[in-house]
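# Per-entry structural report
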Amino acid sequence: MDEINWGDLERLVSKGMISRRVLLRHLIQAGGVAAVIGPGSTLLAACGETQKAAGPSGPVPSGFPSINNSILGKKMTLTILLAADYYNAPPFAELYANFQKAYPDITLQVTNAVWEDIPAKVKTAALGGTPIDVAHQHAFVYGHIGVAEQVDDLWSKWGKAGDFLPNSLQDVTWAGHRYGIPLDVNCLFTIYNKDLFASVNATPPTATTSYPDLGKELLKFQGKPVKAIGLSNSAWNNSGLARANGGDLLKSDEKGVQLNNDKVVAALKWNSELGWKYGVGTSPAPTKRQDEPTFLFIAKQVALLFTGPWDMPDITKSGVSFGTTELPKGLDGNTTGSVQGGGSLFVGKGSKNREAAFEFMKWAAAPPHQIRMAKEMARWPVIADLYSNPATIGANDPALAPYFKQLKTAKPYKLEAFPEGDKAWSDAVASAYNGKDPQTVLGAAQSKAAAAIGG
(Lines give C-alpha, C1' and ligand atoms only; values in the text may rest on other atoms or scores of the structure.)
Protein backbone atom coordinates (compact mmCIF):
# COMPACT_ATOMS: atom_id res chain seq x y z
CA MET A 1 0.00 0.00 0.00
CA ASP A 2 1.32 3.42 -0.90
CA GLU A 3 2.06 5.73 2.00
CA ILE A 4 -0.59 8.40 2.55
CA ASN A 5 0.72 11.90 1.88
CA TRP A 6 -0.97 13.74 4.75
CA GLY A 7 0.63 17.06 3.75
CA ASP A 8 -0.93 16.99 0.28
CA LEU A 9 -4.33 16.10 1.69
CA GLU A 10 -4.10 18.85 4.28
CA ARG A 11 -3.33 21.43 1.60
CA LEU A 12 -6.32 20.28 -0.47
CA VAL A 13 -8.61 20.58 2.55
CA SER A 14 -7.26 23.97 3.63
CA LYS A 15 -7.82 25.36 0.12
CA GLY A 16 -11.34 24.01 -0.06
CA MET A 17 -10.45 21.77 -3.00
CA ILE A 18 -11.95 18.61 -1.51
CA SER A 19 -14.91 18.14 0.81
CA ARG A 20 -15.09 16.15 4.05
CA ARG A 21 -16.95 13.39 2.19
CA VAL A 22 -14.27 13.12 -0.49
CA LEU A 23 -11.56 13.17 2.16
CA LEU A 24 -13.21 10.33 4.05
CA ARG A 25 -13.37 8.27 0.87
CA HIS A 26 -9.66 8.86 0.19
CA LEU A 27 -8.74 7.97 3.76
CA ILE A 28 -10.71 4.74 3.73
CA GLN A 29 -9.43 3.72 0.29
CA ALA A 30 -5.84 4.50 1.19
CA GLY A 31 -5.58 3.28 4.75
CA GLY A 32 -8.85 1.75 5.86
CA VAL A 33 -10.51 2.55 9.15
CA ALA A 34 -7.09 2.95 10.78
CA ALA A 35 -6.44 6.01 8.65
CA VAL A 36 -9.67 7.62 9.76
CA ILE A 37 -9.06 7.10 13.46
CA GLY A 38 -5.30 7.64 13.22
CA PRO A 39 -3.42 10.59 11.64
CA GLY A 40 -6.40 11.31 9.41
CA SER A 41 -8.56 12.18 12.39
CA THR A 42 -6.50 15.32 12.93
CA LEU A 43 -6.98 16.28 9.32
CA LEU A 44 -10.71 15.69 9.52
CA ALA A 45 -10.90 18.03 12.47
CA ALA A 46 -9.11 20.64 10.41
CA CYS A 47 -11.98 20.64 7.91
CA GLY A 48 -13.59 23.19 10.19
CA GLU A 49 -11.41 26.19 10.95
CA THR A 50 -11.94 28.05 14.20
CA GLN A 51 -11.60 31.80 13.87
CA LYS A 52 -11.27 33.47 17.27
CA ALA A 53 -10.22 36.99 18.19
CA ALA A 54 -8.94 38.15 21.54
CA GLY A 55 -9.17 41.44 23.39
CA PRO A 56 -11.75 44.21 23.51
CA SER A 57 -14.16 45.05 20.68
CA GLY A 58 -12.32 46.81 17.86
CA PRO A 59 -13.51 49.51 15.48
CA VAL A 60 -15.92 48.55 12.71
CA PRO A 61 -14.37 49.08 9.25
CA SER A 62 -16.03 51.71 7.10
CA GLY A 63 -19.06 50.44 5.20
CA PHE A 64 -19.92 47.60 7.58
CA PRO A 65 -22.89 47.54 10.00
CA SER A 66 -22.45 49.33 13.30
CA ILE A 67 -22.00 47.32 16.48
CA ASN A 68 -25.09 45.38 17.58
CA ASN A 69 -25.09 45.88 21.35
CA SER A 70 -27.58 43.10 21.93
CA ILE A 71 -24.96 40.49 20.98
CA LEU A 72 -21.81 42.34 22.05
CA GLY A 73 -20.10 40.64 24.98
CA LYS A 74 -22.05 37.40 24.68
CA LYS A 75 -19.82 34.34 24.44
CA MET A 76 -20.89 31.95 21.69
CA THR A 77 -19.64 29.88 18.77
CA LEU A 78 -21.18 30.49 15.38
CA THR A 79 -21.02 27.47 13.07
CA ILE A 80 -20.75 28.59 9.45
CA LEU A 81 -20.97 26.34 6.39
CA LEU A 82 -19.88 27.91 3.09
CA ALA A 83 -19.33 26.52 -0.39
CA ALA A 84 -15.79 25.22 -0.84
CA ASP A 85 -14.83 27.83 -3.43
CA TYR A 86 -15.92 30.68 -1.14
CA TYR A 87 -14.94 29.93 2.45
CA ASN A 88 -11.15 30.25 2.15
CA ALA A 89 -11.04 33.07 -0.42
CA PRO A 90 -9.14 36.19 0.75
CA PRO A 91 -12.27 38.39 0.98
CA PHE A 92 -13.85 35.90 3.37
CA ALA A 93 -10.68 35.48 5.44
CA GLU A 94 -10.68 39.24 6.01
CA LEU A 95 -14.42 39.19 6.73
CA TYR A 96 -13.91 36.66 9.54
CA ALA A 97 -11.06 38.69 11.02
CA ASN A 98 -12.93 42.00 10.94
CA PHE A 99 -16.12 40.49 12.35
CA GLN A 100 -14.24 39.02 15.28
CA LYS A 101 -12.44 42.26 16.01
CA ALA A 102 -15.88 43.81 16.38
CA TYR A 103 -17.23 40.84 18.39
CA PRO A 104 -14.24 39.30 20.20
CA ASP A 105 -16.44 37.02 22.32
CA ILE A 106 -17.88 35.28 19.27
CA THR A 107 -15.92 32.32 17.91
CA LEU A 108 -16.45 31.42 14.27
CA GLN A 109 -16.32 27.71 13.44
CA VAL A 110 -16.09 27.76 9.63
CA THR A 111 -16.54 24.62 7.56
CA ASN A 112 -16.97 24.05 3.85
CA ALA A 113 -18.48 21.64 1.36
CA VAL A 114 -18.87 21.40 -2.38
CA TRP A 115 -22.14 23.02 -3.45
CA GLU A 116 -23.92 19.71 -4.11
CA ASP A 117 -23.10 18.37 -0.62
CA ILE A 118 -24.50 21.33 1.32
CA PRO A 119 -28.17 20.21 1.36
CA ALA A 120 -27.36 16.87 3.02
CA LYS A 121 -25.16 18.57 5.63
CA VAL A 122 -27.82 21.14 6.50
CA LYS A 123 -30.59 18.54 6.79
CA THR A 124 -28.43 16.13 8.79
CA ALA A 125 -27.42 18.87 11.23
CA ALA A 126 -31.03 19.96 11.71
CA LEU A 127 -32.29 16.42 12.25
CA GLY A 128 -29.42 15.73 14.65
CA GLY A 129 -30.33 18.67 16.86
CA THR A 130 -27.15 20.61 16.08
CA PRO A 131 -28.33 23.14 13.48
CA ILE A 132 -25.80 25.13 11.49
CA ASP A 133 -26.00 28.80 12.43
CA VAL A 134 -25.12 30.20 8.99
CA ALA A 135 -25.36 28.10 5.84
CA HIS A 136 -24.79 28.90 2.18
CA GLN A 137 -27.04 27.88 -0.72
CA HIS A 138 -30.54 28.97 -1.80
CA ALA A 139 -32.42 30.08 1.30
CA PHE A 140 -35.83 29.73 -0.33
CA VAL A 141 -35.32 25.96 -0.66
CA TYR A 142 -34.62 25.52 3.05
CA GLY A 143 -37.43 27.84 4.06
CA HIS A 144 -39.81 25.71 2.04
CA ILE A 145 -38.69 22.41 3.58
CA GLY A 146 -38.60 23.82 7.11
CA VAL A 147 -34.89 23.71 8.00
CA ALA A 148 -34.23 27.48 7.88
CA GLU A 149 -35.25 30.11 10.42
CA GLN A 150 -37.73 32.74 9.34
CA VAL A 151 -36.05 36.13 9.84
CA ASP A 152 -38.75 38.63 8.87
CA ASP A 153 -38.46 40.37 12.24
CA LEU A 154 -34.70 40.87 11.87
CA TRP A 155 -35.14 42.25 8.36
CA SER A 156 -37.77 44.67 9.68
CA LYS A 157 -35.46 45.79 12.47
CA TRP A 158 -32.59 46.24 10.02
CA GLY A 159 -34.67 48.22 7.51
CA LYS A 160 -32.31 47.67 4.54
CA ALA A 161 -34.45 45.60 2.16
CA GLY A 162 -34.61 48.54 -0.24
CA ASP A 163 -30.83 48.41 -0.71
CA PHE A 164 -30.98 45.02 -2.45
CA LEU A 165 -31.62 44.07 -6.05
CA PRO A 166 -35.30 43.05 -5.99
CA ASN A 167 -34.62 39.77 -7.80
CA SER A 168 -31.88 38.84 -5.33
CA LEU A 169 -34.46 38.92 -2.53
CA GLN A 170 -36.36 36.14 -4.29
CA ASP A 171 -33.49 33.81 -3.39
CA VAL A 172 -34.33 34.21 0.31
CA THR A 173 -38.12 34.40 0.05
CA TRP A 174 -40.71 31.64 0.19
CA ALA A 175 -44.47 32.08 0.63
CA GLY A 176 -43.98 35.73 1.50
CA HIS A 177 -41.43 35.17 4.28
CA ARG A 178 -37.68 35.75 4.30
CA TYR A 179 -35.24 33.09 5.46
CA GLY A 180 -31.83 34.68 4.90
CA ILE A 181 -29.80 37.41 3.21
CA PRO A 182 -28.69 37.35 -0.46
CA LEU A 183 -24.95 36.94 -1.03
CA ASP A 184 -24.34 37.17 -4.78
CA VAL A 185 -26.12 36.91 -8.12
CA ASN A 186 -25.52 35.81 -11.70
CA CYS A 187 -27.63 34.78 -14.70
CA LEU A 188 -27.53 33.10 -18.07
CA PHE A 189 -26.72 35.20 -21.14
CA THR A 190 -24.99 34.74 -24.54
CA ILE A 191 -21.29 34.62 -25.48
CA TYR A 192 -20.17 34.02 -29.09
CA ASN A 193 -16.93 33.68 -31.07
CA LYS A 194 -16.70 36.55 -33.56
CA ASP A 195 -14.14 34.83 -35.78
CA LEU A 196 -16.10 31.58 -36.10
CA PHE A 197 -19.29 33.45 -36.99
CA ALA A 198 -17.38 35.41 -39.63
CA SER A 199 -15.85 32.20 -41.02
CA VAL A 200 -19.29 30.97 -42.14
CA ASN A 201 -20.69 34.43 -42.97
CA ALA A 202 -23.14 34.16 -40.08
CA THR A 203 -24.60 37.26 -38.45
CA PRO A 204 -23.81 37.43 -34.72
CA PRO A 205 -26.78 37.69 -32.32
CA THR A 206 -27.87 41.02 -30.87
CA ALA A 207 -30.23 42.19 -28.14
CA THR A 208 -33.19 41.85 -30.56
CA THR A 209 -32.36 38.41 -32.00
CA SER A 210 -35.13 35.82 -31.69
CA TYR A 211 -34.72 32.06 -31.49
CA PRO A 212 -35.64 31.66 -35.20
CA ASP A 213 -33.24 34.47 -36.16
CA LEU A 214 -30.40 32.77 -34.32
CA GLY A 215 -31.32 29.36 -35.66
CA LYS A 216 -31.01 30.59 -39.24
CA GLU A 217 -27.42 31.72 -38.56
CA LEU A 218 -26.44 28.61 -36.59
CA LEU A 219 -27.51 26.35 -39.45
CA LYS A 220 -24.71 27.89 -41.52
CA PHE A 221 -22.34 25.71 -39.48
CA GLN A 222 -23.84 22.47 -40.84
CA GLY A 223 -21.10 20.27 -42.23
CA LYS A 224 -18.33 22.41 -40.75
CA PRO A 225 -15.55 20.97 -38.55
CA VAL A 226 -16.69 23.09 -35.59
CA LYS A 227 -20.09 23.20 -33.92
CA ALA A 228 -22.34 26.24 -33.80
CA ILE A 229 -23.33 25.88 -30.14
CA GLY A 230 -22.19 24.09 -27.01
CA LEU A 231 -25.37 22.51 -25.67
CA SER A 232 -26.21 21.84 -22.03
CA ASN A 233 -28.95 19.60 -20.67
CA SER A 234 -28.71 21.29 -17.26
CA ALA A 235 -32.11 21.70 -15.62
CA TRP A 236 -31.04 25.16 -14.40
CA ASN A 237 -29.80 26.33 -17.82
CA ASN A 238 -32.88 25.15 -19.63
CA SER A 239 -35.22 26.81 -17.16
CA GLY A 240 -33.54 30.07 -18.22
CA LEU A 241 -33.96 29.24 -21.91
CA ALA A 242 -37.66 28.59 -21.26
CA ARG A 243 -37.92 31.96 -19.49
CA ALA A 244 -36.39 33.62 -22.54
CA ASN A 245 -39.45 32.34 -24.41
CA GLY A 246 -41.83 33.65 -21.75
CA GLY A 247 -42.28 30.29 -20.05
CA ASP A 248 -42.25 29.44 -16.36
CA LEU A 249 -42.03 26.04 -14.70
CA LEU A 250 -44.05 27.03 -11.64
CA LYS A 251 -47.46 28.64 -11.43
CA SER A 252 -47.52 32.24 -10.25
CA ASP A 253 -48.43 31.22 -6.68
CA GLU A 254 -45.45 28.78 -6.65
CA LYS A 255 -47.80 26.01 -5.44
CA GLY A 256 -48.09 24.06 -8.65
CA VAL A 257 -46.02 23.05 -11.68
CA GLN A 258 -46.62 23.70 -15.37
CA LEU A 259 -43.77 21.83 -17.00
CA ASN A 260 -45.76 21.21 -20.19
CA ASN A 261 -46.67 24.87 -20.67
CA ASP A 262 -46.67 25.64 -24.43
CA LYS A 263 -43.86 28.19 -24.15
CA VAL A 264 -41.72 25.80 -22.10
CA VAL A 265 -42.27 22.96 -24.59
CA ALA A 266 -41.43 25.21 -27.54
CA ALA A 267 -38.20 26.48 -25.99
CA LEU A 268 -36.99 22.98 -25.12
CA LYS A 269 -37.85 21.76 -28.62
CA TRP A 270 -35.96 24.59 -30.32
CA ASN A 271 -32.81 24.23 -28.23
CA SER A 272 -32.62 20.43 -28.09
CA GLU A 273 -33.11 19.97 -31.85
CA LEU A 274 -29.97 21.98 -32.60
CA GLY A 275 -28.02 18.90 -31.61
CA TRP A 276 -29.72 15.63 -32.50
CA LYS A 277 -31.81 16.91 -35.44
CA TYR A 278 -29.75 19.62 -37.14
CA GLY A 279 -26.26 18.53 -36.09
CA VAL A 280 -24.97 22.01 -35.27
CA GLY A 281 -24.81 21.51 -31.49
CA THR A 282 -22.53 19.39 -29.36
CA SER A 283 -23.74 16.29 -27.56
CA PRO A 284 -24.93 17.59 -24.16
CA ALA A 285 -22.46 16.97 -21.37
CA PRO A 286 -23.56 14.77 -18.45
CA THR A 287 -24.73 16.69 -15.39
CA LYS A 288 -21.39 16.42 -13.58
CA ARG A 289 -19.49 17.76 -16.61
CA GLN A 290 -21.45 20.89 -17.41
CA ASP A 291 -18.23 22.84 -17.92
CA GLU A 292 -17.37 20.91 -21.10
CA PRO A 293 -19.10 23.38 -23.48
CA THR A 294 -16.91 26.16 -22.06
CA PHE A 295 -13.76 24.12 -22.64
CA LEU A 296 -14.85 23.56 -26.24
CA PHE A 297 -15.57 27.28 -26.68
CA ILE A 298 -12.12 28.19 -25.37
CA ALA A 299 -10.63 25.59 -27.74
CA LYS A 300 -12.50 27.33 -30.62
CA GLN A 301 -14.55 24.22 -31.30
CA VAL A 302 -17.94 25.83 -30.70
CA ALA A 303 -19.12 29.28 -31.77
CA LEU A 304 -21.74 30.16 -29.14
CA LEU A 305 -22.65 29.46 -25.52
CA PHE A 306 -25.60 30.26 -23.31
CA THR A 307 -23.62 30.69 -20.09
CA GLY A 308 -22.92 33.06 -17.21
CA PRO A 309 -20.31 35.63 -16.17
CA TRP A 310 -18.37 32.97 -14.25
CA ASP A 311 -16.92 31.88 -17.62
CA MET A 312 -15.77 35.37 -18.59
CA PRO A 313 -12.34 35.32 -16.86
CA ASP A 314 -11.27 32.06 -18.53
CA ILE A 315 -12.65 33.06 -21.92
CA THR A 316 -10.95 36.45 -21.71
CA LYS A 317 -7.60 34.87 -20.84
CA SER A 318 -7.95 32.35 -23.68
CA GLY A 319 -7.54 34.97 -26.38
CA VAL A 320 -10.79 34.08 -28.15
CA SER A 321 -12.26 37.11 -29.94
CA PHE A 322 -15.72 37.08 -28.38
CA GLY A 323 -18.85 39.15 -28.13
CA THR A 324 -21.74 39.07 -25.68
CA THR A 325 -25.44 39.75 -25.78
CA GLU A 326 -28.66 38.81 -24.01
CA LEU A 327 -30.51 35.53 -24.49
CA PRO A 328 -32.69 35.35 -27.62
CA LYS A 329 -36.04 37.13 -27.43
CA GLY A 330 -38.02 33.90 -27.64
CA LEU A 331 -39.70 32.40 -30.66
CA ASP A 332 -41.75 35.48 -31.49
CA GLY A 333 -39.04 38.04 -30.73
CA ASN A 334 -41.13 39.71 -28.02
CA THR A 335 -40.14 37.98 -24.78
CA THR A 336 -37.19 38.34 -22.46
CA GLY A 337 -36.01 36.46 -19.41
CA SER A 338 -33.30 34.32 -17.86
CA VAL A 339 -32.54 32.21 -14.81
CA GLN A 340 -30.88 33.80 -11.80
CA GLY A 341 -28.05 32.01 -10.04
CA GLY A 342 -25.75 32.94 -7.21
CA GLY A 343 -26.78 32.20 -3.66
CA SER A 344 -27.68 33.38 -0.21
CA LEU A 345 -26.95 32.78 3.45
CA PHE A 346 -29.55 31.51 5.90
CA VAL A 347 -29.95 30.59 9.57
CA GLY A 348 -30.42 26.90 10.30
CA LYS A 349 -33.71 25.98 11.94
CA GLY A 350 -33.32 25.80 15.71
CA SER A 351 -30.14 27.89 15.89
CA LYS A 352 -29.57 29.25 19.39
CA ASN A 353 -27.57 32.13 17.89
CA ARG A 354 -30.15 33.45 15.47
CA GLU A 355 -29.48 37.18 15.91
CA ALA A 356 -25.69 36.83 15.83
CA ALA A 357 -25.97 34.64 12.72
CA PHE A 358 -28.08 37.31 11.03
CA GLU A 359 -25.47 39.92 12.01
CA PHE A 360 -22.71 37.91 10.33
CA MET A 361 -24.84 37.65 7.20
CA LYS A 362 -25.32 41.44 7.22
CA TRP A 363 -21.54 41.80 7.19
CA ALA A 364 -21.31 39.43 4.20
CA ALA A 365 -23.73 41.69 2.31
CA ALA A 366 -21.91 44.90 3.28
CA PRO A 367 -20.65 46.94 0.28
CA PRO A 368 -16.89 46.58 1.02
CA HIS A 369 -17.16 42.79 1.10
CA GLN A 370 -19.46 42.72 -1.93
CA ILE A 371 -16.93 44.81 -3.88
CA ARG A 372 -14.09 42.44 -3.00
CA MET A 373 -16.19 39.41 -4.00
CA ALA A 374 -16.85 41.03 -7.37
CA LYS A 375 -13.29 42.09 -8.09
CA GLU A 376 -11.48 39.04 -6.73
CA MET A 377 -14.00 36.22 -7.14
CA ALA A 378 -16.23 37.37 -10.06
CA ARG A 379 -19.24 37.02 -7.73
CA TRP A 380 -21.60 39.86 -8.50
CA PRO A 381 -23.20 42.09 -5.83
CA VAL A 382 -26.72 42.01 -4.47
CA ILE A 383 -26.61 45.69 -3.42
CA ALA A 384 -28.31 47.81 -6.10
CA ASP A 385 -26.25 51.00 -5.66
CA LEU A 386 -23.01 49.19 -6.45
CA TYR A 387 -24.10 48.91 -10.08
CA SER A 388 -24.39 52.67 -10.49
CA ASN A 389 -20.62 52.91 -10.98
CA PRO A 390 -19.42 49.70 -12.70
CA ALA A 391 -15.75 50.57 -12.18
CA THR A 392 -16.29 50.28 -8.41
CA ILE A 393 -16.94 46.57 -8.74
CA GLY A 394 -14.52 45.95 -11.60
CA ALA A 395 -17.36 45.68 -14.08
CA ASN A 396 -16.57 48.43 -16.55
CA ASP A 397 -15.79 45.89 -19.29
CA PRO A 398 -18.30 46.63 -22.11
CA ALA A 399 -18.71 42.88 -22.61
CA LEU A 400 -20.51 42.71 -19.25
CA ALA A 401 -23.17 45.29 -20.18
CA PRO A 402 -25.57 42.71 -21.73
CA TYR A 403 -25.18 40.54 -18.64
CA PHE A 404 -26.18 43.36 -16.31
CA LYS A 405 -29.18 44.15 -18.49
CA GLN A 406 -30.18 40.47 -18.59
CA LEU A 407 -29.90 40.25 -14.82
CA LYS A 408 -32.88 42.58 -14.46
CA THR A 409 -35.16 39.95 -16.04
CA ALA A 410 -33.68 36.89 -14.32
CA LYS A 411 -35.51 34.89 -11.67
CA PRO A 412 -34.31 31.99 -9.49
CA TYR A 413 -34.89 28.37 -10.44
CA LYS A 414 -37.50 27.87 -7.74
CA LEU A 415 -38.50 24.41 -8.94
CA GLU A 416 -35.44 23.34 -6.94
CA ALA A 417 -37.58 23.63 -3.81
CA PHE A 418 -39.60 20.60 -5.01
CA PRO A 419 -37.31 17.56 -5.40
CA GLU A 420 -39.93 15.56 -7.32
CA GLY A 421 -40.55 18.40 -9.76
CA ASP A 422 -36.86 19.13 -10.13
CA LYS A 423 -36.12 15.51 -11.01
CA ALA A 424 -39.07 15.25 -13.41
CA TRP A 425 -37.95 18.38 -15.27
CA SER A 426 -34.30 17.34 -15.27
CA ASP A 427 -35.10 13.88 -16.66
CA ALA A 428 -37.37 15.34 -19.34
CA VAL A 429 -34.73 17.84 -20.45
CA ALA A 430 -32.12 15.07 -20.76
CA SER A 431 -34.54 12.95 -22.79
CA ALA A 432 -35.33 15.82 -25.16
CA TYR A 433 -31.64 16.43 -25.84
CA ASN A 434 -31.36 12.73 -26.66
CA GLY A 435 -34.00 13.04 -29.37
CA LYS A 436 -37.27 12.38 -27.53
CA ASP A 437 -40.31 14.51 -28.34
CA PRO A 438 -40.43 17.45 -25.87
CA GLN A 439 -44.24 17.50 -25.78
CA THR A 440 -44.32 13.83 -24.82
CA VAL A 441 -41.57 13.88 -22.20
CA LEU A 442 -42.79 17.11 -20.61
CA GLY A 443 -46.34 15.76 -20.51
CA ALA A 444 -45.08 12.75 -18.58
CA ALA A 445 -42.94 14.98 -16.35
CA GLN A 446 -45.94 17.18 -15.61
CA SER A 447 -47.99 14.17 -14.50
CA LYS A 448 -45.23 12.92 -12.18
CA ALA A 449 -44.57 16.32 -10.67
CA ALA A 450 -48.22 17.26 -10.29
CA ALA A 451 -48.99 13.96 -8.55
CA ALA A 452 -46.31 14.78 -5.97
CA ILE A 453 -46.66 18.53 -5.47
CA GLY A 454 -49.72 19.75 -7.37
CA GLY A 455 -50.28 21.10 -10.84
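Now for a look at the structure at hand. Everything numeric in this text was worked out from a predicted model, so none of it was measured.

A side chain with one charge can pair with a side chain of the opposite charge if their charged atoms come near. In total, this model carries 16 salt bridges according to the counting rule given. Of the charged contacts, one joins K329 and E326 as a salt bridge, the two residues approaching to 3.1 Å between their closest N and O atoms. For the pair K329 and E326, one class covers both residues: buried. Linking D427 and K423 is a salt bridge whose minimum nitrogen-to-oxygen distance equals 2.7 Å. Residue D427 and its partner K423 are located together in helix α19 (residues 419-433), separated by four residues, close to a single helical turn.

Even without a glycine there, the phi angle at A175 is positive, about 50°. A positive phi angle is found at K300, which is not glycine, with a value near 65°. Note on placement: K300 falls in the loop between α14 (292-298) and β10 (302-307). For K300, a relative accessible area of 43% corresponds to the partly exposed category.

Glancing now at the sheet that holds strand β9 (residues 227-229). Strand order in the open sheet formed by four strands is β9-β10-β8-β11, and the pairing between neighbours is mixed. The open sheet terminates on both sides in strands that have one partner only, identified here as β9 and β11 (322-325). Going across the sheet, the axis of each strand differs from the next one's by a mean of 20°, ignoring polarity. Judged from the two bridges that link them, β9 and β10 form a sheet pairing that is parallel. Looking across to β10, one finds that K227 is bridged to V302.

A complete count under the given rule lists 24 aromatic pairs for this structure. Relative to F360, the ring of F99 lies with its centre 5.4 Å away and its plane at 85°, an arrangement referred to as edge-to-face. Taken as a pair, F99 in helix α5 (residues 90-102) and F360 in helix α16 (residues 354-364) lie far apart in primary sequence, 261 residues in all. Residue F99 is classed as buried on the basis of its relative accessible area, which comes to 0%. Its relative accessible area of 1% is what places F360 among the buried residues. Measuring from centroid to centroid gives 5.8 Å for F197 and F221, while their planes differ by 75°, and the two rings are edge-to-face. In this pair, F197 sits in helix α10 (residues 194-199) while F221 sits in the loop between α11 (211-218) and β9, placing the two residues 24 residues apart along the sequence. Classification of F197 by relative accessible area gives buried; the value is 0%. Among the aromatic residues, ring-to-ring pairing joins F64, Y96, F99, Y103, F360 and W363 into one connected group.

Conventions and cut-offs
- Residues numbered from 1 in each chain as written.
- Predicted model: local features only at pLDDT ≥ 70, side-chain atom pairs only at ≥ 80, totals over all residues.
- Heavy atoms only, no water.
- Salt bridge = Lys/Arg side-chain N within 4 Å of Asp/Glu carboxyl O.
- Buried < 20%, exposed > 50% of the residue type's maximum accessible area, 1.4 Å probe, protein only.
- Helix = DSSP H or I, 4+ residues; strand = E, 2+ residues; numbered from the N terminus.
- Pairing = 2+ DSSP bridges.
- Axes fitted to C-alpha atoms, helices over the stretch in contact; angles between N-to-C directions.
- Phe/Tyr/Trp six-rings, centres within 6.5 Å; stacked < 30°, edge-to-face > 60°.

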